[in-house]
Amino acid sequence: MWETSTRLLRLLSLLQTRRDWSGAELAERLEVTPRTVRRDIDRLRGLGYPVHATAGTAGYRLAAGADLPPLLLDDDEAVAVAMGLRTAASGSITGIEETSVRALAKLEQVLPSRLRHRINALQTMTVPMANTGPTVDPSTLTAIATACRDAVRLRFDYRTHDDTITTRTTEPHRLVHAGRRWYLIAWDVDRQDWRTYRVDRLTPRTPTGPRFIPRTPPDPDLSGYTSRAISTAAYRYQARITLHTNAKTAAERFAPTTATLEPIDDHHCTLRAGSNSLDELAIYVTTTGFDFQVHEPPELVTHIKTLATRLTRAANQPVL
């Protein structure tokens with residue numbers, strides 16, 4: 001009996017980790033026969049878990065039901081959820097402050113003491129800062145995440161930096177959180193290219209569109225791709241600069257939302273950043289405290305030489 005109960009918990013945990021499982025995959029993971037998997041699926045259904053059979057090859061999917069079934073969390077997941085709820089009130093998602101408190105109270109009620117001590121220590125030593133940046137409605141994030149998961153087209157109204165509203169039709173791929181902001185990486189159907197959208201600027205339209213076959217992402221490193229898209233590619237001037245310091249040290253000065261860093265060796269790295277202003281780029285790189293060499297664009301090289309001459313002349317002016 002205990003062996004069956006343990007196996008049911010393992011099966012439920014597997015069904016919660018991804019959308020679709022074939023019977024053969026589950027049998028291999030659980031080290032049982034497909035027939036045993038079928039019996040265990042029936043037991044879960046009897047306990048109220050809505051496990052649906054998928055079309056095509058014999059497979060299973062844990063679907064949404066009338067009530068939320070219990071979730072299985074390991075220690076690290078439970079701590080992560082608790083801390084996420086703890087900081088949600090001051091995060092970048094609006095409207096979930098009170099809900100987060102209620103959910104946290106329920107979670108802490110059933111936490112083992114060893115986890116409660118870990119969470120209390122983290123809470124005691126954490127001081128949240130008020131969020132003053134753009135916020136995102138949680139229903140918007142949920143709608144986007146669902147479209148990404150189910151591979152269905154997503155249409156939305158998008159407000160550009162100059163407040164122009166356009167309607168976009170996309171094949172959504174992933175959500176990326178960059179500290180203060182959320183971004184959507186998606187294939188723009190009309191523009192036939194990958195695009196990065198700020199989630200706080202979009203309003204999803206319903207219903208969603210038809211299903212699509214997911215494309216190969218534009219870059220295996222989606223975090224780096226997003227950083228380049230929002231810090232460099234969108235601007236008139238795109239700078240490539242060698243910093244005379246390693247990438248780890250430079251990362252303390254340059255946020256991924258403002259620049260990307262590529263290691264060269266233990267003492268040098270490449271900085272890529274963008275701006276519509278040469279003055280802004282020049283000041284940006286000269287005030288970091290690192291020696292550097294500008295490679296491109298040529299306009300920035302010329303501009304820095306002009307600024308250097310002007311500053312040298314100003315420093316050598318006689319005192320009146």
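Keep in mind that this is a model prediction, so the values were computed, not measured. (Residues numbered from 1 in each chain as written. Predicted model: local features only at pLDDT ≥ 70, side-chain atom pairs only at ≥ 80, totals over all residues. Heavy atoms only, no water.)

### Considerations on the overall build of the chain
A tally of regular secondary structure across the chain gives 11 helices and 12 strands. A total of 320 residues make up the chain; the buried ones form 35% of that total. (Helix = DSSP H or I, 4+ residues; strand = E, 2+ residues; numbered from the N terminus. Buried < 20%, exposed > 50% of the residue type's maximum accessible area, 1.4 Å probe, protein only.)

### A few points about the pattern of salt bridges
For the structure on display, the rule yields 16 salt bridges. A salt bridge links Asp 188 to Arg 191; the nearest nitrogen and oxygen atoms lie 3.2 Å apart. Judged by its relative accessible area of 0%, Asp 188 falls in the buried class. With a relative accessible area of 36%, Arg 191 lands in the partly exposed category. Between Asp 193 and Arg 195 there is a salt bridge whose closest N-O contact spans 3.1 Å. (Salt bridge = Lys/Arg side-chain N within 4 Å of Asp/Glu carboxyl O.)

### A closer look at the sheet that holds strand β8 (residues 202-204)
Taken in spatial order, the 5 strands of this open sheet run β7-β6-β5-β4-β8, and their pairing is antiparallel. Every other strand in the sheet has two partners, leaving β7 (193-198) and β8 as the edge strands with one partner each. Direction aside, neighbouring strands of the sheet carry axes that sit 50 degrees apart on average. Examined bridge by bridge, strand β6 (residues 182-188) and β7 share 6 bridges and lie antiparallel to one another. Counterpart to Ala 186 in the pairing with β7 is Arg 195. Sheet strands in contact with helix α7 (residues 138-150) are β4 (154-159), β5 (165-177), β6 and β8, and its direction is about 75 degrees off that of β5. Strands in contact with helix α8 (residues 222-233) are β5, β6 and β7; relative to β7, the strand with the most contacts, it is inclined by about 75 degrees. (Pairing = 2+ DSSP bridges. Axes fitted to C-alpha atoms, helices over the stretch in contact; angles between N-to-C directions. Contact = heavy atoms within 4.5 Å.)

### Points about the confidence of the model for the chain
In regions of low pLDDT, the predicted coordinates are not meant to be interpreted in detail. Mean pLDDT over the chain stands at 82; residues scoring 70 or higher make up 83%. When mean pLDDT is compared element by element in the chain, β4 scores highest at 95, while helix α5 (residues 97-109) scores lowest at 65. (pLDDT = per-residue confidence, 0-100.)

### Section: unusual backbone geometry
In this chain, Thr 206 is followed by Pro 207 through a cis amide linkage whose omega measures -5 degrees. Among the secondary structure elements, Pro 207 is positioned in the loop between β8 and α8. Cis peptide bonds are those with omega within 30 degrees of zero, and the linkage from Glu 296 to Pro 297 qualifies with 5 degrees. You can see Pro 297 is positioned in the loop between β12 (292-296) and α11 (298-315). A positive phi angle, close to 70 degrees, is found at Asp 163, a residue other than glycine. Among the secondary structure elements, Asp 163 is positioned in the loop between β4 and β5. Backbone geometry places Gln 192, a non-glycine residue, at a positive phi of 50 degrees.

### What to know about the environment of Asp 163
Asp 163 sits in the exposed class, given a relative accessible area of 53%. The spatial distance from the C-alpha of Asp 163 to the C-alpha of Arg 201 is 9.3 Å, given a sequence separation of 38 residues.

### Quick word on the packing of helix α10 (residues 278-286) against α11
Running from amino to carboxyl end, α10 crosses α11 at an angle of 70 degrees, the nearest separation of the two axes being 10 Å. Judged on the interaxial angle alone, α11 and α10 are roughly perpendicular. Where α10 crosses over α11, the handedness of that crossing is right-handed. Contacts between α10 and α11 involve Leu 278, Asp 279, Leu 281 and Ala 282 from the first element and Glu 299, Leu 300, His 303, Ile 304 and Leu 307 from the second. Its residues placed into classes, the contact of α10 with α11 shows 6 nonpolar, 1 polar and 2 charged. (Parallel < 35°, antiparallel > 145°, perpendicular 65-115°, else oblique. Left-handed = near helix turned anticlockwise from the far one by under 90°. Nonpolar A, V, L, I, M, F, W, Y, C, P; charged D, E, K, R; others polar.)

### Regarding the sheet that holds strand β9 (residues 237-243)
Within the open sheet, the 4 strands sit side by side as β10-β11-β9-β12. Their pairing is antiparallel. Either end of the sheet is taken by a strand with one partner, and the two such strands are β10 (260-265) and β12. Direction aside, neighbouring strands of the sheet carry axes that sit 25 degrees apart on average. Sheet topology note: the β10/strand β11 (residues 268-275) ladder contains 5 bridges and is antiparallel. By the bridge assignment for β11, Leu 261 is matched with Leu 271. Against the sheet, α8 contacts β9, β10 and β11, and its axis sits at roughly 55 degrees relative to β11.

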